[in-house]
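Spelled out, the chains give:
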Amino acid sequence: MEEGHENFKHIVEKSTVGKVVIDLEGMVHYANPAAYTILGSNEKKIVGKEFSYPVSANKTTELRISHEGGDYRIVEMRVTEIEWRKKPAYLVLLHDITDLERIERLKAEIMERQRVDQLKDEFISTVSHELRTPLTIVKGAIDNLKDGIVGPLEAKQVKIVDIANNNIDRLVKIINNLLDLSRLESNKALINRKAIKTTPLIIETVHNFQMTAQSKNILLEQDIPENLPDIFADPDLIVQVLTNILDNALRYAQDRVMVSASRKELQTSLYSDKGSGKTKKEPVRKAEEVHKFIEITIADDGAGIPRDKYRDLFNKFVQLNRPRGGAGYKGTGLGLIICKEIIRKHQGKIWVEPSPLGGAGFHILLPQFDETVGFWRSLRALLVGARKKKEKVCLLSFTVRNFKELADQKSSEEMESMLEIIDSRIKEQIFRKSDLTFRYTPKDFIVVLPDTDREQAGKVLKRIEEEVEISFDPVPSGTILPELGIGVAIFPDDTQEPEALLNIVLNMAEQDKPVV
């Protein structure tokens, strides 16, 4: 009995919940160590003294208890009726919820900040849209004045019109930047990714700046390897990024700007398709392939950027007072954050470091094109959009069921020519930019049709079947023709999982009767 009492006392003494026993007059008869900590006091100041807070039986209240030094604790107090030494008493349980309270307050502050940011962004976007039309009208009027349509201008008038025109152009640029950033941040920007040739893209962009560089007596050099691997990107958006960085480099350079590119292999999770980790096993990825990148570097020999400004550089409306840049020039402070958002949406990275030339070096990291990874990214993006819009998405599979037999009878050139015919016939019947075609394996062709139900898919299938039949007619004697099996699956009717959709169409195509 005595041992049990000691064990119970030990449990109470070690409890993190404060326990205080008071009589019906409010005098404290017992408090455990946790209660001393929570109340910010000790045994001498508590036991035998009146309890400092009002007590109501069978009620839960929240207290703010001040400690020395200005600190405080948020405490949940629960009171129950008990018997203490054969007399009625109250047991006061004290739970320290300060950290929970602070977390909730922090969450509320974050949500409020996000709400205010959203309102601000919506306001900026709305105002920008409203300003675009009147600015277009003003711009047209100024152009008419410059062109002399309303009559010749005197020299002083030409100067004033030029000033007005330059400022209108700057204002239009600011508005366009605001709208671009608004679309990117709200995920409303249309990003048309595809496999693009990296080397020609960079070289052509640099070439477009050669005359500007010459006019400023700046040497614009490039070190771009031939036949860099493709990247999976929207070419217009990547050119926009390169143009912005190159424009900045030429503005701040003293004598030289260098553009270079190289392959990079990084052990990083930057380029990952795993998402929440809840997706089923994908038989389409190789770990060593998803970590290959192209790094583009644009470096100048200007005064550089202080290291303590690197983080601020990619925030909204940030303008650094770098020397040079043209008398009176003022940017919008949005160019670099737009670049950051574009690169982020391409699963890449952009950052700045000191340049070997002595100025600033901007680095852009973009994933190399992987057709399989690109297909899965595009498919998942389509399904996410369809789920939000409550639309259907159709997946079609065309499988060459006698692929092995054909491969045994034909040369590799003949096989590839035959498969290219099938591929081209399929693509000829896909008319919308949003439609997606993909050669999943040498013998499996996948077509993804957004906003398409089963009935509409049947019409597309019929057109493709007819085209494939025509392409192999007439049939030379003894020729083995490809036997195409077809699979169809509809999102979300058949399943909502992209991997499951693909498995359905591939299995169906293997079992389906041949088309030709």
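Scroll up to find the structure this text is about.
In this text the structure is predicted, and so the values were computed from the model without any measurement.

What counts, and at which threshold
Residues numbered from 1 in each chain as written. Predicted model: local features only at pLDDT ≥ 70, side-chain atom pairs only at ≥ 80, totals over all residues. Heavy atoms only, no water. Helix = DSSP H or I, 4+ residues; strand = E, 2+ residues; numbered from the N terminus. Buried < 20%, exposed > 50% of the residue type's maximum accessible area, 1.4 Å probe, protein only. Contact = heavy atoms within 4.5 Å. Areas by Shrake-Rupley, 256 points an atom, 1.4 Å probe, with all protein chains shown as cover. Pairing = 2+ DSSP bridges. Axes fitted to C-alpha atoms, helices over the stretch in contact; angles between N-to-C directions. Expected span 1.5 Å × (residues − 1). Phe/Tyr/Trp six-rings, centres within 6.5 Å; stacked < 30°, edge-to-face > 60°. Lys NZ or Arg CZ within 6 Å of the ring centre and 35° of its normal. Polar contact = N/O pair within 3.5 Å; in protein donor to acceptor, adjacent residues only side chain to side chain. Core = buried A, V, L, I, M, F, W, Y, C linked by side-chain atoms within 4.5 Å. Domains from an automatic or database assignment. Salt bridge = Lys/Arg side-chain N within 4 Å of Asp/Glu carboxyl O.

Asks: How should the overall build of the protein be read in this particular structure?
Replies: When its secondary structure is counted, the protein shows 14 helices and 16 strands. Out of the 516 residues in the protein, the part that is buried amounts to 40%. Sequence-distant contacts, at least 24 apart, represent 67% of the contacts inside the protein between residues at least 6 apart. Summed over all atoms, the accessible surface of the protein reaches about 30,400 Å², with 52% contributed by carbon and sulfur.

Asks: Even after reading the chapter, I still don't get the sheet that holds strand β15 (residues 444-450), so can you show me in this structure?
Replies: Backbone-to-backbone hydrogen bonds pair the strands of a sheet. The strands run either parallel or antiparallel. Taken in spatial order, the 4 strands make up an open sheet running β14-β15-β13-β16, and their pairing is antiparallel. Of all the strands in the sheet, just β14 (436-441) and β16 (484-491) have a single pairing partner and so form its edges. Averaged over all adjacent pairs, the angle separating strand axes in this sheet is 20°, with direction ignored. Contacting β13 (393-400), β14, β15 and β16, helix α12 (residues 412-428) runs over the sheet at an angle of about 10° to β15. Strands in contact with helix α14 (residues 498-511) are β13, β14, β15 and β16; relative to β16, the strand with the most contacts, it is inclined by about 150°.

Asks: Would you take a moment to explain helix α8 (residues 235-252) for this structure?
Replies: Helical geometry: 3.6 residues make up each α-helical turn, so side chains three or four residues apart lie on a common side. The end-to-end C-alpha distance of α8 is 26 Å, a good match for the 26 Å that 18 residues give at a rise of 1.5 Å each. Every buried residue belonging to α8 is among Pro235, Leu237, Ile238, Val241, Leu242, Ile245, Leu246, Asn248, Ala249, Leu250, Arg251 and Tyr252, and all of these are buried.

Asks: Honestly, the packing of aromatic side chains in this entry has me stumped. Any pointers?
Replies: Any two aromatic rings considered together are summarised by their centre-to-centre distance and by the angle between their planes. A full pass over the atoms with the stated rule returns 6 aromatic pairs. Ring centres of Tyr30 and Trp84 lie 6.1 Å apart, and the angle between their planes is 25°; this geometry places the pair in the stacked category. With Tyr30 in strand β2 (residues 28-31) and Trp84 in strand β4 (residues 72-84), the pair connects residues that are 54 residues apart, well separated along the chain. Ring geometry for Phe438 versus Tyr440: centroids 6.1 Å apart, planes at 70°, classification edge-to-face. Relative accessible area serves as the criterion here: at 18%, Tyr440 is assigned to the buried category. Through a chain of ring-to-ring contacts, the aromatic side chains of Phe375, Trp376, Phe438 and Tyr440 assemble into a single cluster. Sitting over the ring of Tyr72, Arg64 keeps its end group 3.7 Å from the ring centre.

Asks: Sorry if this is basic, but what is going on with the side chain of His363 here?
Replies: With respect to the helices, strands and loops of the structure, His363 is situated in strand β12 (residues 360-367). The class for His363 is buried, based on a relative accessible area of 11%. Here Thr297 takes part through its side chain, which lies 3.0 Å from a polar atom of the side chain of His363. Not counting the four nearest positions on each side in its chain, His363 is found in contact with Glu295, Ile296, Thr297, Lys349, Ile350, Trp351 and Glu353.

Asks: Sorry if this is basic, but what is going on with the environment of Thr372 here?
Replies: Along the chain, Thr372 falls in helix α10 (residues 371-389). In this structure Thr372 comes out as buried when scored by relative accessible area, which is 19%. Each C-alpha atom, one on Thr372 and one on Thr441, is 9.6 Å from the other, the two residues being 69 residues apart in sequence.

Asks: Explain the nonpolar core to me, please; I cannot follow it from the model alone.
Replies: Soluble globular proteins: nonpolar side chains tend toward being buried together. Ranked by internal contacts, the top residues of the largest apolar core, which has 48 residues, are Ile245, Val257, Phe362 and Ile364. Considering each element in turn, this core owes the most residues, 8 residues, to α8. For this core, the domains that each give at least three residues are domain 2 (101-185) and domain 3 (195-323 + 330-369). In this structure Ile364 touches Val241, Leu242, Ile245, Ile294, Glu295, Ile296, Ile343, Lys349 and Ile350, once residues within four positions along its chain are discounted. The next biggest cluster of nonpolar side chains, apart from the first, holds 24 residues, and it includes Leu396, Met418, Ile426 and Phe445.

Asks: Looking at this structure, how should I read the pairing of strand β5 (residues 87-96)?
Replies: Moving residue by residue along a regular strand, the side chains alternate between the two faces of the sheet. Note that strand β1 (residues 18-23) and β5 share 6 bridges and pair antiparallel. Looking at β5, one finds that Lys19 is bridged to Leu93.

Asks: Please clarify how the sheet that holds strand β3 (residues 60-66) should be interpreted in this entry.
Replies: Strand order across the open sheet formed by 5 strands is β2-β1-β5-β4-β3, with antiparallel pairing between neighbours. Looking at which strands have only one partner, the edges of the open sheet turn out to be β2 and β3. Taken over all neighbouring pairs, the strand axes of this sheet differ in orientation by 30° on average, direction set aside. In the sheet, β1 pairs with β2 via 3 bridges, with the strands oriented antiparallel. When the sheet's bridge partners are listed, Ile22 is paired in β2 with Val28.

Asks: Quick question: what am I supposed to make of the pattern of salt bridges here?
Replies: A side chain of one charge can pair with a side chain of the opposite charge if their charged atoms are brought near each other. Inspection of the entire model under this criterion finds 18 salt bridges. Its salt-bridge partner being Asp143, residue Lys139 comes within 3.8 Å of it at the nearest N-O pair. On the criterion of helical spacing, the pair formed by Lys139 and Asp143 is a turn pair, its members being 4 residues apart in helix α4 (residues 98-146). One network of salt bridges, with partners in common, ties together Lys443, Asp444 and Glu510.

By themselves, these figures tell us nothing about what the structure is for.
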